Amino acid sequence: MGAATPPLMEYSVSPDPRRAVAKLPLSHGRKRRSVGIVGLVVEATGLRKRFGQVHALDGLDLSVSAGEVHGFLGTNGAGKSTTIRILLGLARASGGTVRVFGADPWDDAVSLHRRIAYVPGDVSLWPNLSGGEAIDLLSRLRRGAPHDVAEYRRRRARLLDVFQLDPARKGRAYSKGNRQKVALVTAFATPADLYVLDEPTSGLDPLMEAVFAAEIYRVRDEGATVLLSSHILSEVEQLCDRVTIIRAGTTAETGTLSELRHLTRTEIAFSSDGMDASRLAQIAGAHDLEVRDGRVRLTTDSTDLAPTLESLAALRVQALTVAPASLEELFLRNYGERTVAAPPQLATRS
Amino acid sequence: MNTLAPLLWQRARRDRWTLTYWILGTGLLALFAATAVRSEYGDDAARAGILRLAVAHPSILLLRGLPQGAGLDAFVFFQIFTYLALLAALMSTLLAVRHSRAEEETGRAELIASTRAARDSAAVATLVHGVAANVALGVAVAGGFALGGLALRGSIVTGLAAAATGIVFLAIGLFVAQFVRTSRGANGVSAALVGLAFVLRGVGDALGTPTVDGLHMTSSWLSWLSPIGWGQHVAAFSGDTLLPLVPSLLLATAAGAGALLLGARRDVGSSLLKARASRPQARRSLSTGFALAWRLQWPSIVGWAVGAAAFGLFAGTLSGLIEQATAANPTVADTLRGLVSSDGSVDQALISAMFSIVGVLAAACAVQSVIRLRQEETSGLAEMVLATPVTRVRWLLDYVAVGALAIVIVISAAWIVATAGVLASGDDTAHIGDATVAAAAQLPAALTYLGVLALVFAALPTATVALGWAVLAVGAVLGIFGGIIGAPRWVRDVSPFSHIAALSGNSVAWNGGLWMVVIAAAAAGAAVAFMRRRDLRV
Ligand SMILES: Nc1ncnc2c1ncn2[C@@H]1O[C@H](COP(=O)(O)OP(=O)(O)O)[C@@H](O)[C@H]1O
Ligand SMILES: [Mg+2]
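This is a predicted model, so every value here is computed, not measured. (Residues numbered from 1 in each chain as written. Chains lettered and ligands numbered in written order. Predicted model: local features only at pLDDT ≥ 70, side-chain atom pairs only at ≥ 80, totals over all residues. Heavy atoms only, no water.)

Some details on the overall build of chain B
Right, so step 1: The helix and strand tally for chain B stands at 20 helices and four strands.
Right, so step 2: Expressed as a percentage of its 538 residues, the buried residues of chain B come to 56%.
Right, so step 3: Put simply, 79% of the contacts in chain B that link residues at least 6 apart link residues at least 24 apart.
Right, so step 4: Accessible surface, chain B as shown: approximately 21600 Å² in total, 69% of it carbon and sulfur. (Helix = DSSP H or I, 4+ residues; strand = E, 2+ residues; numbered from the N terminus. Buried < 20%, exposed > 50% of the residue type's maximum accessible area, 1.4 Å probe, protein only. Contact = heavy atoms within 4.5 Å. Areas by Shrake-Rupley, 256 points an atom, 1.4 Å probe, with all protein chains shown as cover.)

This is the structure in structure tokens:
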């Protein structure tokens, strides 16, 4: 699927990321690299990771195909960062199998790292190095000896510009969002075959999220694979071709967005002034309808919005809000449990 | 509810072990010094001999105190007070920075400042906590002396003097923390001020005027510039006066009030010295893991090297003086040799003693390099480096290499200054050879610390910081003070610093050094093996 995939649920007015792409200078040299690996870039089955008594991962399956942007969706503490650390060979799995580009990430970490760009979930910087120095150092460590300095400089300058990052500050002077930008500029300044991004937008404002989205589209068009973890459903819907939903260390669901559409709902609310049961009965496709605190609330299938919206227009409703369901609500509805702050499972002593 | 109580509780709880070690350790040093002097310098003549030598060649006073007569109690005070005060001072600056700048740096201070706690509550709590810690340290010192059989009154005066010195540096540490952006920087500046106080007192005492009997000395005005000098001037067991502690109280009050005032007028997390604008691009050389480790460590390496150079200067200039003195009085030579536990000539013994302190400084610098590894790991910075094509083993070895380089630099700094000192003072140039052997002899001991701590980091990462400093402190105390505190031979043998090659005449015993190099290499090898197998642990 190309850049034409419309974001499923983008009701708010936000800058169109694809327009941002159009403004960017053409990528130099490599237009669309041929995808070296046909098939799976990441393949994890039955992945387990224990921290003492805590089962952080409990039989996780994850497969990411070459050339796709794969969303890795889960609530806080679901095990996203742990999985990503295992994929990078920073942590060792306690059980299960894992392959990245067909190799074992623990044994072949170094050769894999030549092909991988990583943005950690919680970026910290060296207090006495400037952001620019950190970017240069990490980029040099990543690409090794022979490289095209001029090309790197161009990319770096462009990224600093679009992310509006001042590279001359020292590490301590950056806010969380700016530290994240340092890691993002580092990741995108050197081409990679696989981008592993752990909640990369959690500190970014909406404008910067759009710039980030543009970079994702750019590297995807160049043929790279992206694994993007997030706890925000709408972000994943906007950017990703396929999604894996992780819940308490196991895979809850995986598939393309259209396969997962049954999961997504849209929440609609409007003022209850002048509404009565007979008028509300005219709304097409309404589920979970309730009247509370002067508002009418209902949900609809995200795939079947048009009739509902038409009937709302006919009712001349006031103060209408339409929003995608949050991940928490999705879990609540589909799996019938609250996963927010769910305690990690404790190992049962056998 | 008062917010001071929970803040104090949090500090006490966080520091419960750290402060216990500092306070008990200082108290034990006082106790051992008292009992050891009793057994080793039991007779008046031996003590008078040492004092006369020191008075005649006052550079020795740099590392002891101000002679106040040959009485046993006063002699103990002369031997050990400077070090008790030094420990109190370092405990206090570390405590002050730990609860002020370090908290701001991590952002935890913001959490506290956003509660009902007043703007200065955290600083007030730190001051109260630090004063309480110093009172406890004073009690431990007084108790150590009293248990060691010294007069109660003088013991209490010593305890008060040590506590007062600590409290001054508590306030100074808090004051420094207002200016410096990072906790590492604030600790460095505070430690340098402690070092300055140590050196000012030493030089001031050395430039003092002796009495006719050669057993007492009045310091020059320089000593009165140093909080450690003020403590020294209580002259426990001889003068027993608390008047010299008045300037301590005044300075502590001024620095503490200054810190509170400055702290209340600036943003949380900001510093009064602003960071300079820095390079937007990295130098070409900053392109390897080793270059990063060097970049992170060189400022502290320079600091340790400057300290070591000062001891090198003593080693290079003292020896000539000693030689003349001992030629006149052979019994002094015997006692002095006992002091540094060596069989060579007295000047060789002194050079060895100076360089064993240099060895401790070099080992401390290397230990810091491994501790940096652990800090990189816990802060998440290691993750970013290790997600590039840098192996865990390579990453470990980069820091170990910087540690080894640091050892060489610190020892070389002392050796170069010692050699220059010998040449400048027109001494017997044979002392250059002695200094060279003494300097080389430190290498294996310092390398042993580096190798063993690297192994601890690889096998038991969470213990790295605590074990690193603890092992170094125990090794240094046994190696340097082993003689003074009368530790039995087998205990002293545990410390690598006891095995440094001994100078005796023209022959040098290198066996111990060879073994230590073997141990260091084996430990480093085991560290590599463990590092291959372990993942990152935060
Ligand atoms: N080093 C660790 N030690 C102990 N528990 C951990 C560690 N790292 C993660 N966990 C636990 O594993 C679970 C998953 O964490 P994580 O992968 O960070 O979640 P996510 O990134 O999805 O928010 C959490 O319950 C967390 O507390
Ligand atoms: Mg996470």
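Here the narrative resumes.
Overview of the site of ligand 1
Residue and element names in this part refer to chain A.
Right, so step 1: Taken together, 11 residues lie near ligand 1, and Gly77, Gly79, Lys80, Ser81 and Thr82 sit nearest.
Right, so step 2: In the environment of ligand 1, an oxygen atom lies 2.8 Å from a nitrogen or oxygen atom belonging to the backbone of Lys80.
Right, so step 3: Note that an oxygen atom of ligand 1 is positioned 2.7 Å from one of the side-chain N or O atoms of Ser81.
Right, so step 4: When isolated, ligand 1 has an accessible area of 560 Å², and the protein chains bury 67% of it.
Right, so step 5: It is helix H2 (residues 80-87) that provides the largest number of residues to the shell around ligand 1, a total of three residues.
Right, so step 6: Of the residues belonging to the shell around ligand 1, the class tally is four nonpolar, six polar and one charged. (Near = heavy atom within 4 Å. Polar contact = N/O pair within 3.5 Å; in protein donor to acceptor, adjacent residues only side chain to side chain. Nonpolar A, V, L, I, M, F, W, Y, C, P; charged D, E, K, R; others polar.)

Looking at the domain arrangement of chain A
Right, so step 1: Taken domain by domain, chain A holds domain 1 (8-27 + 36-259) and domain 2 (265-324).
Right, so step 2: On a C-alpha basis, the centres of domain 1 of chain A and domain 2 of chain A stand 38 Å from each other. (Domains from an automatic or database assignment.)

Some remarks on the pairing of strand S1 (residues 40-51) of chain A
Residues and elements named next belong to chain A.
Right, so step 1: Where S1 and strand S2 (residues 54-65) come together, nine bridges link them in antiparallel fashion. The residue bridging Lys49 from the neighbouring strand is Leu57, located in S2.
Right, so step 2: Following S1, the chain reverses through two residues before pairing antiparallel with S2; Gly52 in that reversal takes a positive phi of roughly 60 degrees.
Right, so step 3: Alignment of S1 against strand S4 (residues 95-100), held across five bridges, turns out to be antiparallel. Opposite Ala44, over in S4, you have Val98 as the bridge partner. (Pairing = 2+ DSSP bridges.)

Remarks on the sheet that holds S4(A)
All names here are of chain A.
Right, so step 1: Taking strand neighbours across the sheet as the criterion, the three strands line up as S2-S1-S4 in an open arrangement whose pairing is antiparallel. The sheet is open, and its two edges are formed by S2 and S4, each paired on a single side. Geometrically, the sheet is characterised by an average inter-axis angle of 15 degrees between neighbouring strands, direction not taken into account.
Right, so step 2: Against the sheet, H2 contacts S1, S2 and S4, and its axis sits at roughly 65 degrees relative to S2. (Axes fitted to C-alpha atoms, helices over the stretch in contact; angles between N-to-C directions.)

Some points on the interface of chain B and chain A
Right, so step 1: Tallying the contact residues gives 37 residues for chain B and 35 residues for chain A.
Right, so step 2: Both sides together, the interface formed by chain B and chain A hides about 3400 Å², and carbon and sulfur atoms give 57% of it.
Right, so step 3: Among the residues chain B hides against chain A, the three largest losses belong to B:Glu383, B:Met384 and B:Pro389. Together they make up 20% of the total.
Right, so step 4: Between chain B and chain A we count three salt bridges in total.
Right, so step 5: Across the pair B:Arg295 and A:Glu133 runs a salt bridge whose closest N-O atoms are separated by 2.8 Å.
Right, so step 6: Applying the counting rule to chain B against chain A returns 20 residue pairs in polar contact (both at pLDDT 80 or more).
Right, so step 7: Counting residues per element, the side of chain B that touches chain A draws most heavily on helix H15 (residues 381-386) of chain B, at five residues. (Buried area = accessible area lost by both parts, 1.4 Å probe. Salt bridge = Lys/Arg side-chain N within 4 Å of Asp/Glu carboxyl O.)

Observations regarding the packing of aromatic side chains
Right, so step 1: Here the structure, examined in full by the defined rule, presents 11 aromatic pairs over all chains.
Right, so step 2: Summarising the aromatic geometry, the rings of A:Phe188 and A:Phe212 are spaced 6.4 Å apart at their centres and angled 55 degrees between planes, so their arrangement reads as tilted. Taken together, the residues span a long stretch of sequence, with A:Phe188 in helix H6 (residues 176-189) and A:Phe212 in helix H7 (residues 206-221) at a distance of 24 residues. With respect to class, A:Phe188 is no different from A:Phe212; both count as buried.
Right, so step 3: Taken together, a centroid distance of 5.9 Å and an interplanar angle of 45 degrees make the contact between B:Phe145 and B:Phe237 tilted. With B:Phe145 in helix H7 (residues 121-147) and B:Phe237 in the loop between helix H10 (227-232) and helix H11 (245-264), this pair connects stretches of sequence that are 92 residues apart. Each member of the pair, B:Phe145 as well as B:Phe237, carries the same accessibility label: buried.
Right, so step 4: The positively charged end of A:Arg115 is found above the aromatic ring belonging to A:Phe101, 3.8 Å away from the centroid. (Phe/Tyr/Trp six-rings, centres within 6.5 Å; stacked < 30°, edge-to-face > 60°. Lys NZ or Arg CZ within 6 Å of the ring centre and 35° of its normal.)

Here's the deal with the sheet that holds strand S12 (residues 295-301) of chain A
Residues and elements named next belong to chain A.
Right, so step 1: In spatial order, the strands read S11-S12-S10-S13; together these four strands make up an open sheet with antiparallel pairing. The sheet terminates laterally at strand S11 (287-292) and strand S13 (321-324), the two strands that pair on one side only. Averaged over all adjacent pairs, the angle separating strand axes in this sheet is 15 degrees, with direction ignored.
Right, so step 2: Pairing of S11 with S12 involves four bridges; the strand directions are antiparallel.

With respect to the nonpolar core
Right, so step 1: By size, the foremost hydrophobic cluster in this structure holds 219 residues, and its most contacted members are A:Trp126, A:Phe163, A:Phe212, B:Phe355 and B:Trp395.
Right, so step 2: Setting aside chain neighbours within four positions, we find A:Phe212 in contact with A:Phe163, A:Leu184, A:Phe188, A:Leu197, A:Pro200, A:Thr201, A:Leu204, A:Leu228 and A:Leu239.
Right, so step 3: The next biggest cluster of nonpolar side chains, apart from the first, holds 11 residues, and it includes A:Ile268, A:Met275, A:Leu280 and A:Val317. (Core = buried A, V, L, I, M, F, W, Y, C linked by side-chain atoms within 4.5 Å.)

Regarding the pattern of salt bridges
Note that side chains of opposite charge can pair when their charged atoms are close.
Right, so step 1: If you walk through the whole model with that rule in mind, you get 30 salt bridges over all chains.
Right, so step 2: Of the charged contacts, one joins A:Lys49 and B:Asp535 as a salt bridge, the two residues approaching to 3.0 Å between their closest N and O atoms. On the criterion of chain membership, the pair formed by A:Lys49 in strand S1 and B:Asp535 in the segment after helix H20 (511-533) is interchain, its members lying in two chains.
Right, so step 3: Between B:Asp535 and B:Arg537 there is a salt bridge whose closest N-O contact spans 4.0 Å.
Right, so step 4: A relative accessible area of 36% means that B:Arg537 is categorised as partly exposed.
Right, so step 5: One continuous salt-bridge network, built from bridges that share partners, spans A:Arg158, A:Glu215, A:Arg218 and A:Glu222.

What about the side chain of A:Thr300?
Right, so step 1: By secondary structure assignment, the location of A:Thr300 is in strand S12.
Right, so step 2: A:Thr300 sits in the buried class, given a relative accessible area of 0%.

Topic: unusual backbone geometry
Right, so step 1: At A:Ala319, a position not held by glycine, the phi torsion is positive, near 50 degrees.
Right, so step 2: A positive phi angle, near 45 degrees, is found at B:Ala235, a position not held by glycine.
Right, so step 3: By the secondary structure assignment, B:Ala235 is in the loop between H10 and H11.

Structural notes on the pairing of strand S10 (residues 265-271) of chain A
Residue and element names in this part refer to chain A.
Right, so step 1: With six of its seven residues buried, S10 lies for the most part within the structure.
Right, so step 2: Note: S10 against S12, seven bridges, orientation antiparallel. Opposite Glu267, over in S12, you have Thr299 as the bridge partner.
Right, so step 3: Here S10 pairs with S13 via four bridges, running antiparallel. Across the sheet, Ile268 pairs through a bridge with Val322, a residue of S13.

Observations concerning H6(A)
What sets the pattern is the α-helix's 3.6 residues per turn: residues three or four places apart point alike.
Residues and elements named next belong to chain A.
Right, so step 1: Here H6 spans 20 Å end to end across 14 residues, near enough to the 20 Å set by a 1.5 Å rise per residue.
Right, so step 2: Burial of H6 is extensive: 12 of the 14 residues sit out of reach of the surface.
Right, so step 3: Residues of H6 that are buried include every one of Gly177, Asn178, Gln180, Lys181, Val182, Ala183, Leu184, Val185, Thr186, Ala187, Phe188 and Ala189, and no others.
Right, so step 4: Lining the buried residues of H6 we find strand S5 (116-119), helix H4 (131-143), helix H5 (149-162), strand S6 (194-198) and H7. (Expected span 1.5 Å × (residues − 1).)

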